[in-house]
Amino acid sequence: MSKPPSHRGGRHRTVRDLPVRTHWLLLATLAVTLTLALLIEGYTQHMFGFADDGAALSQGPSDHVPASVAQGGPVIEAGTAQPRTARPDAHTIALTFDDGPDPTWTPKILAVLRADHVHATFFVVGTQVAAHPDLVRQIVADGNEIGVHTFTHPNLGTIPAWQRTLQLREDQLAIAGATGQTTTLLRPPYSSVNDALDNDDWSAVRQAGSEGYLTVLTTQDSEDWTRPGVARIVADATPRGSAGQVLLMHDAGGDRSQSVAALAQLIPRLQARGFHFATVSQAVHLASPMTAATARDHWTGLALIGALQASHGLLTLLGWLLYAAGALSVLRALVTLVAARRHKKWATYPWGDPVTEPVTVIVPAYNESAGIEAAVRSLLASDHPVEIIVVDDGSTDGTADLVESLNLPGVRVIRQHNAGKPAALNTGIAAASCDLVVMVDGDTVFEPDAVRRLIQPFADPGVGAVSGNAKVVNRGGLLGRWQHIEYVVGFNLDRRLFDLAQCMPTVPGAIGGFRRRALEQVGGVPDATLAEDTDLTMALCRAGWRVVYEERAVAWTEAPASLGALWRQRYRWCYGTLQAMWKHRGALLQRGPAGKLGRRGLGYLLMFQVLLPLLAPVVDIFALYGLVFLNPLHIIGLWLGFLLLQLLMGLYAFRLDGESPGPLWSLPLQQFVYRQLMYLVVIQSVVTALAGSRLRWQRMERYGSLQVPVGAPTASVAMAARQPVRQQPADLAQSWLDEAYGQPPTGDYYRPAVRYSEPAEHSGPHEPGQRI
């Protein structure tokens, strides 16, 4: 990953950017490669399969089959005007094996043949040749013959002529690549004796003859494919008289242990009766069917074998990765749900005496005129004393003028030249009057109790930052609902887990509370990444401060209302997060709170927000592959199972957040647009980072969907807030609270006699104690 850029200019500064089309070209190339690999796998392994030889022998009309063929010998030359046939000599057995080679059974059969000094003819399937070319070479090296048995074992009589040609050509190329030779012998799959040929079979035989093949049928079937037992196979393979036979056996297609055992008994028994064994060409006195392949066919065959092996290897690897990804996803869901339940109970314990000190709220703003008034008024409606600092970062839409024209009490506007959000936040921190600071985006509206609830964890002196609960305000329409679901189910469930694991990686810019001393210790808000909130949070964790999640501190934020705006936002988020992860990678080797962030937080982000999304396109392509080549019901069932898991997580998360589960009806639709957009964002972000390119800041569109909250701040609170906060005595701060609450604070944040394992005085970050 490239070194994070040092971005010190304004947010509109143009920097070098990798062209988007490069990302898509790379992604398209990978997708096409995977698709081709799956098509090859589906074609070779699932389009046509191995079935028992008798399974496809439903004979049709045979009136087009010449009588000379139906009653002739098993070796047929059909490429001439007058077909010719040939039979083996008397007391001659042409021993043939179909469907191989097989890595288990073919070597055992070859060992039997070598022991008895017998040669045979092996009719091989192209996909098996490509998978085990060394076995085919061994067959030839032992003096045996090779014949074509098609590439994927279809019934030649039931497929179109062009597919027949393709099947024979591919098998021939595989043989040429493996052995450097070609063959003229062919045995059609599911063929048997001559008089079993029907019109479709004869059409295939004639076409093969016109392409230069001799078709080899059988006269004696051992029926070893039925696995009837060794004795039965020996009996079925034994000729009744002295006539020569073409004997059918199998060296692949299942468990062939009975075939191997039967062969070891059959050969010496028939030799004792005066039979001798030969290859097909020897049995009918033909010239050798094996000839040297042309250089073109040999290299083409090698390329075919290489492509098939690479495809199979790639898919095997991806298959294991998908199994691992599925297991990790289920494990993540279970762990997240358990953690959320525990966090819900844990959050009911108080942090200590209520935190009543005033708070500085910093609102960085750049062209936020659409929502700034609602944001500021919501802060003034807080039931906790606040000073509000709006830092205008060189807006061109009159944001600062708008805030000043409101003449709101307790609100200060600071203007600066455009320098970026981190600079604006640091300006606000420098001007803050309080020890506790809340940072708020200009498109966010706070609940009246949000500030009060957000700062209560600071009763623990080891807490340096607090993440609030950001919710989507513009949740109408599918896109809004999908983001609402993501905020509730994804972001907030994860924050509960991070809180328990003490490895919170991000306090969102929409609502976050900070201890000023902690901010000063890490040098303020960093500007080295595009995700300054994540960068800052990680820095605080590495400095030893604890970062927690307060789910009851609720703020409403505008979410992107178009796919383009969503893409820009998430692209910036993801790229910035990658920058922050790279910047803080040293936490992996640290101990204490920093080590927890590194090994727990960064590990979680890497696994579930980077690596697994990179596999998501593979999942989608595999799903389509399964629907076409595998059992569609199994694929749909698996998809429904994962959807059910997400739905259960969603129901529980919505219950925890007090949300109506109504939007979850759109969850199935989310899998077909939103999910793809999210993983494409991750892919492009990763490629951008690996390429060493830098992404420019992209400002979000504002839609004005935020509304001024009901209920304005009372005059006394507002007027008091206009005074410098650090000059307020403790009794005046208490009077603010008395008026805001209507009575002395009670409830969740006012509980008597709470003890801590922490000392009363705290001079810096530490490993936090447990709430009692």
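Numbering of residues starts from 1 in every chain and runs along the sequence as written. Thresholds applied to this predicted model are a pLDDT of at least 70 for local features of residues and 80 or more for the giving and counting of side-chain atom pairs; totals over whole chains, interfaces and linings are not thresholded and use all residues. Based on all heavy atoms of the structure, the side-chain values leave hydrogens and waters out of the count.

Focus on the overall build of the protein
What counts is decided by this rule: Only DSSP runs of H or I with at least four residues qualify as helices, and only runs of E with at least two residues qualify as strands; both kinds are numbered from the N terminus onward. Note on exposure labels: buried denotes an accessible area under 20% of the residue type's maximum, exposed denotes more than 50%, and partly exposed covers the range between, all computed with a 1.4 Å probe on protein chains only. In what follows, residue pairs with any heavy atoms lying within 4.5 Å of each other are defined as contacts.
Across its full length, the protein holds 25 helices and 20 strands. Taken over 772 residues, the protein has a buried fraction of 56%. For the protein, long-range pairs separated by at least 24 residues make up 83% of all intrachain contacts whose partners lie at least 6 apart in sequence.

Points about helix α12 (residues 372–380)
What sets the pattern is the α-helix's 3.6 residues per turn: residues three or four places apart point alike. When you tally the buried positions in α12, you get seven out of nine residues, the bulk of the element. Turning to α12, its buried residues number three or more, namely I372, A374, A375, V376, S378, L379 and L380. Those residues of α12 that are buried lie in contact with β13 (359–365), β14 (386–393), α13 (399–406), β15 (411–416) and β17 (444–446).

Let's talk about the nonpolar core
Heads up, the condition is: For this analysis, a nonpolar core means a set of buried residues of the types Ala, Val, Leu, Ile, Met, Phe, Trp, Tyr and Cys, connected via side-chain atoms within 4.5 Å.
M439, F514, L540 and F622 are the most contacted members of the largest nonpolar core, which has 65 residues in total. In terms of residue count, the dominant contributor to this core is helix α20 (residues 592–629) (13 residues). The contacts of F514, once residues within four sequence positions are left out, are D435, L436, V437, M439, F458, G464, A465, V507, L519, L536 and L540.

Examining the sheet that holds strand β18 (residues 463–472)
We count it as follows: A pair of strands counts as paired when DSSP detects no fewer than two bridges linking them. In this description, a line fitted to the C-alpha atoms serves as the axis of each element, helices being fitted only across the stretch in contact, and the angle between N-to-C directions of two axes falls anywhere from 0 to 180 degrees.
Strand order in the open sheet formed by eight strands is β15-β14-β13-β16-β19-β18-β20-β17, with mixed pairing between adjacent strands. The sheet terminates laterally at β15 and β17, the two strands that pair on one side only. With direction set aside, neighbouring strand axes in the sheet form an average angle of 30°. Pairing of β13 with β14 involves seven bridges; the strand directions are parallel.

Quick word on a nonpolar patch on the surface
Going by this rule: Patch members must show over 30% relative accessible area and no salt bridge, and they are joined within 9 Å when carrying like charges or within 5 Å when they are nonpolar side chains of Val, Leu, Ile, Met, Phe, Trp or Tyr. Note on areas: these come from Shrake-Rupley sampling with a 1.4 Å probe, and a residue is covered only by the protein chains present in the view. Salt bridges, as used here, are contacts in which a Lys or Arg side-chain nitrogen is within 4 Å of a carboxyl oxygen on Asp or Glu.
Taken together, the side chains of L563, L624, L627, V628, I636, W639, L640, F672 and V673 make up a nonpolar region of the molecular surface, amounting to roughly 840 Å² of accessible area. Those elements giving two or more residues to the nonpolar patch turn out to be α20 and α21 (632–656). Checked against the element boundaries, I636 lands in helix α21. Owing to a relative accessible area of 39%, I636 belongs among the partly exposed residues under this scheme.

Some thoughts on the pairing of β15
In plain terms, the rule: Seen with its strands pointing away from the viewer, a crossover is right-handed if its path from the first strand over the helix to the second goes clockwise.
Relative to β15, β14 runs parallel, the two sharing six bridges. Residue pairing across strands places V391 opposite I414, the latter belonging to β15. As for the winding sense of the linkage, the β-α-β connection from β14 through α13 to β15 is right-handed.

Quick look at the side chain of T557
Checked against the element boundaries, T557 lands in strand β20 (residues 546–557). With relative accessibility at 5%, the residue T557 sits in the buried group. The contact partners of T557, leaving out residues within four places of it in the chain, are D443, T444, K471, V472, V473, N474, Y487 and A510.

Let's talk about the pairing of strand β16 (residues 436–439)
Residues L436 and V438 of β16 are buried on one face, and the alternating residues V437 and M439, pointing to the opposite face, are buried as well. Where β13 and β16 come together, four bridges link them in parallel fashion. Considered in β16, the bridge of V359 is made with L436. Direction of pairing for β16 relative to strand β19 (residues 512–515): antiparallel, over a ladder of four bridges. Residue pairing across strands places V437 opposite F514, the latter belonging to β19.

As for the packing of helix α8 (residues 230–237) against helix α9 (residues 257–272)
Two quantities define a packed helix pair, namely the angle between the axes and the distance from one axis to the other. What counts here: Roughly parallel covers angles under 35 degrees, roughly antiparallel covers those over 145, roughly perpendicular covers 65 to 115, and oblique covers all other angles. Crossings are classed by handedness, with left-handed meaning an anticlockwise turn of the near helix from the far one by less than a right angle and right-handed meaning a clockwise turn. Under the grouping applied here, Gly and all other residues not named as nonpolar or charged are polar, the nonpolar ones being Ala, Val, Leu, Ile, Met, Phe, Trp, Tyr, Cys and Pro and the charged ones Asp, Glu, Lys and Arg.
In the contact formed by α8 and α9, the axes pass within 9 Å of each other and the chain directions differ by 45°. In terms of orientation, α8 lies oblique with respect to α9. The two elements α8 and α9 meet at a crossing, and its hand is right-handed. Mapping the contact onto sequence places V230, I233, V234 and A237 in α8 and Q258, S259, A261, A262, Q265, L266, R269 and L270 in α9. Residues belonging to the contact of α8 with α9 are distributed by class as follows: eight nonpolar, three polar and one charged.

Digging into the pattern of salt bridges
All chains considered together, the criterion is met by 26 salt bridges. For R415, the salt bridge is made with E404, and the minimal N-O distance between the two is 2.8 Å. Separated by 11 residues along the polypeptide, R415 in strand β15 and E404 in helix α13 bring together distant segments of the chain. We classify R415 as partly exposed; its relative accessible area is 47%. As a salt-bridge pair, R496 and E551 come within 3.1 Å of each other at their nearest N and O atoms. Highlighted residues: R496 in helix α16 (residues 477–501) and E551 in strand β20, separated in sequence by 55 residues. The buried category is assigned to R496, whose relative accessible area is 0%. By sharing partners, the salt bridges in this structure join K344, K471, R475, R496, E551, D657 and E659 into a single network.

Examining the state of the cysteines
We count it as follows: Two cysteine sulfurs form a disulfide in these notes if their separation is within 2.5 Å.
Throughout the structure, instances matching the rule amount to zero disulfides. Between C503, a cysteine without a disulfide, and C541, which holds the nearest cysteine sulfur, the sulfur-to-sulfur distance is 7.8 Å. The class of C503 is buried, set by a relative accessible area of 2%.

Some thoughts on unusual backbone geometry
G100 connects to P101 through a cis peptide bond whose omega is 0°. Summarising the element assignment, P101 is placed in the loop between β3 (92–100) and α3 (105–115). At R227, a position not held by glycine, the phi torsion is positive, near 50°. Within the element layout of this structure, R227 appears in the loop between β9 (220–221) and α8.

Here's the deal with the confidence of the model for the protein
Put simply, the test is: As a per-residue quantity, pLDDT reports the predictor's confidence and falls between 0 and 100.
Summary statistics for the protein give a mean pLDDT of 85 and a share of 83% for residues scoring 70 or more. Within the protein, the element-level pLDDT minimum falls on helix α24 (residues 715–721), averaging 33, and the maximum on strand β4 (residues 121–124), averaging 98. Segment residues 1–20: pLDDT under 50, and 53 contacts once partners within four positions in sequence are set aside and those in other chains are kept. Long-range and interchain partners of residues 710–772, a stretch whose pLDDT sits below 50, account for 106 contacts in this model, where long-range means more than four residues apart.

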